[in-house]
Amino acid sequence: MRNKVVAGNWKMNNDINESINLISAIKRDITDSCTNVKVIICPPFTSLDTASTLLKNSNLFLGAQNLHFAESGAYTGEISAEMLKNVGCEYVIIGHSERRTLFNESDELINKKLISALANNLFPIFCIGETLEQREKGITFRVIENQIKLGLKDIDSKEIKNCIIAYEPVWAIGTGKNATPEQAEEVHSFLRATLENLYSKSISDDIIIQYGGSVKPENAKELMQMPNIDGALVGGACLNSDSFIKIIEAANKY
Ligand code: PGA
């Protein structure tokens, strides 16, 4: 039985004071009954230290939005897995479509980042998803399978158990236009079959596969009810505690 996992990807939003306000509101308003869902908050790097202090002794977990695969060295502007661990992160988003598109991240680079996260005991949230053009061409499954195979190269059965997969159709991110529950479910069950081929049935049964792309309180219930959707990676709607909590509550209930 898989529990739901909801992660809030703040992207490049919230300075330190805004981060304090948002985390305080989430902590204050989240109900104790949300025991079936794990909640992860992923602020920008500059707020991680503050967030880490605020999240101590809470049920909320801390994640980062990116890392560099090297341990240390001359990589101006970059942050290593060990540094994230040191500041209190347990999770890290890897391969987000904004990183792939705006920062030219390749599947090979994403694979190195996943390996580095796992080697440093961080749980990666590994994002994949097709563009609108790819969907319209009818190659969604091929794109997804390719991203999974290249991204997970050399990651063994023991390590994959520490990964979360996030299916985020690029055309649904930040557009207000979510995939329908049926469209998402179709890809999620394809993903499970792909993971069964690559690893085993028990691994594919146990792995958390989140949906991301315009998840909001209005569509969370329908999405969370699908059998192969195990939670959400939320962008825009996680910047407001009310809407984020409504999504968490939907994940907890369905
Ligand atoms: P969105 O972003 O919820 O604003 O569409 C999701 C994401 O980028 O992870």
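What you see is a predicted model, and the numbers here were worked out from it, not measured in a lab.

(A) Looking closely at the nonpolar core. The biggest cluster of nonpolar side chains holds 67 residues, and the ones touching the most others in it are L152, I165, L191, Y211, V234 and F244. With six residues, the top contributor of residues to this core is helix α12 (residues 241-253). Once you skip the residues sitting within four places of it in the chain, I165 turns out to touch F126, I128, I148, L191, L195, I207, I208, I209 and Q210. Counting 12 residues, the second-largest nonpolar core is a separate cluster that includes I40, C42, I93 and A166.

(B) Fine view of the packing of helix α5 (residues 107-119) against helix α7 (residues 140-151). As a packed pair, α5 and α7 sit with axes 8 Å apart at the nearest point and diverge in direction by 45 degrees. Looking at the two axes, α5 sits oblique to α7. When α5 is examined against α7, the residues D107, E108, N111 and L114 are found in contact with a partner set consisting of Q147, L150 and G151. Tallied by class, residues from the contact of α5 with α7 come to two nonpolar, three polar and two charged.

(C) Region of the structure containing the layout of surface pockets. Considering only enclosed or pocket space, the largest pocket measures out at about 480 Å³ in volume. K11, M12, Q65, R99 and F103 are the residues nearest the centre of the largest pocket, which is lined by 18 residues in total. No other element matches the three residues that helix α4 (residues 97-102) contributes to the lining of the largest pocket. Its residues assigned to classes, the lining of the largest pocket comprises nine nonpolar, five polar and four charged. Empty space within the second largest pocket amounts to approximately 250 Å³. As for the second largest pocket, its lining consists of 16 residues, and the residues nearest its centre are K161, C163, I164, D206 and I208. Residue composition of the lining of the second largest pocket, by class: nine nonpolar, three polar and four charged.

Thresholds applied
Residues numbered from 1 in each chain as written. Predicted model: local features only at pLDDT ≥ 70, side-chain atom pairs only at ≥ 80, totals over all residues. Heavy atoms only, no water. Core = buried A, V, L, I, M, F, W, Y, C linked by side-chain atoms within 4.5 Å. Buried < 20%, exposed > 50% of the residue type's maximum accessible area, 1.4 Å probe, protein only. Helix = DSSP H or I, 4+ residues; strand = E, 2+ residues; numbered from the N terminus. Contact = heavy atoms within 4.5 Å. Axes fitted to C-alpha atoms, helices over the stretch in contact; angles between N-to-C directions. Parallel < 35°, antiparallel > 145°, perpendicular 65-115°, else oblique. Nonpolar A, V, L, I, M, F, W, Y, C, P; charged D, E, K, R; others polar. 1 Å grid on protein atoms, 1.4 Å probe; cavity = no way out; pocket = protein on both sides within 12 Å on 5 of 7 lines; lining within 4 Å. Points joined across faces, edges and corners; volume = space filled by probe spheres on them.

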